[in-house]
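Remarks on the overall topology
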Amino acid sequence: MTKPDSSTLINAAIGVSVKHWQNTGKKSGIYKRLSLFICGNGAFVGWKKGYSLSRGKFTLEEYVIRTLVVEHDVNLSKTTVSNLRRNGYDADSVGTGKAALDEAENADLVLLALDLPDLDGLEVCRQIRAICDTPIISVTDGGTELDRVLGLQAGSDDCINKPYGLRELIARIEAVMRRTRPKPAFQGSVICHGQLYLDCAGRKVRVSGKDVKVTRKEFDLLYLLLSQREKVVSREQLMTRVWGNEWAKNGRTIDTHVSSLRSKLGASSWITTVHGVGYRIGHE
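Thresholds applied
- Residues numbered from 1 in each chain as written.
- Predicted model: local features only at pLDDT ≥ 70, side-chain atom pairs only at ≥ 80, totals over all residues.
- Heavy atoms only, no water.
- Pairing = 2+ DSSP bridges.
- Helix = DSSP H or I, 4+ residues; strand = E, 2+ residues; numbered from the N terminus.
- Contact = heavy atoms within 4.5 Å.
- Axes fitted to C-alpha atoms, helices over the stretch in contact; angles between N-to-C directions.
- Expected span 1.5 Å × (residues − 1).
- Buried < 20%, exposed > 50% of the residue type's maximum accessible area, 1.4 Å probe, protein only.
- Core = buried A, V, L, I, M, F, W, Y, C linked by side-chain atoms within 4.5 Å.

1. Re the sheet that holds strand β13 (residues 271-274)
Across the sheet, three strands lie side by side as β12-β14-β13; this open sheet has antiparallel pairing. This sheet does not close on itself; its edge strands, each paired only once, are β12 (233-234) and β13. Where β13 and strand β14 (residues 278-281) come together, four bridges link them in antiparallel fashion. Across the sheet, Val274 pairs through a bridge with Gly278, a residue of β14. Helix-sheet contacts for helix α8 (residues 216-227) involve β12, β13 and β14, and the interaxial angle to β14 is about 70°.

2. Some remarks on helix α7 (residues 166-180)
Along its 15 residues, α7 runs 21 Å from first to last C-alpha, staying within 8% of the 21 Å computed at 1.5 Å per residue. Among all positions of α7, only Leu169, Ile170, Ile173, Glu174, Ala175, Val176, Met177 and Thr180 are buried.

3. Brief notes about the nonpolar core
Soluble, globular proteins show a tendency: their nonpolar side chains are buried together. Judged by nonpolar contacts, the single largest core of 29 residues is most densely connected at Leu196, Leu198, Val205, Leu221, Leu222, Leu225 and Leu238. When contributions to this core are tallied by element, the ones reaching two or more residues are β9 (196-199), β10 (204-207), α8, α9 (235-243), α10 (253-265) and β14. No other element matches the seven residues that α8 contributes to this core. In this structure Leu221 touches Leu238, Val242, Trp243, His257, Val258 and Leu261, once residues within four positions along its chain are discounted.

In structure tokens form, the structure reads like this:
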């Protein structure tokens, strides 16, 4: 029997869910999760989960957004994390600016309250932006135009005012991720190169069987090098395809990400520098 492709399975799931909705007046779990999966040009929720359809079963594996909630108000922090998790996000929280700086690079998005107990929130925002490109939504308590302007000038991708509703928060997260998440045209779900393993669908990296935690941009840079493993990829190509703008041209952004990747992969030989041109994928 021919195995159905993912689009067929998704259409079937939606069909079953809509029929369930029509019959019961309630949206099934499949419908709610797939609604989030197909909206906004990207998988905004997802995890390994099997759903029974007709006589068969299938598994959808999408990419989970790792959201870091930076909030000193313990009750608000717990509520926000709980609500995000219920809506399919991988959410964790910290209560200080120092902890936010330690964890920001491992997140896909930072929800940053600017009224922190140890450090100035705007300075935390600037420092996060200096060390990584993780999208930031700043949370202001005053809600004035000046608060929002200062947040954006400090490096935030968006601002939201307290108190905020869950629907607004999720809508803003999705809007920010649509703007900032690159949309590479993955040709295959898995790329293997010696002991280096790249899971494009799950955005996971392994070396010699061990998981390697990488940032969004590091993954996209590594994917680009692996997808053109027989070629030298110029700095201009990397900048255009991975960053999509001009701000990295005059800085050390590419070099910093390459250096970080070499360290995480365990050997500088994984990425070879071709002086005056760019980079190419190497070997361990």
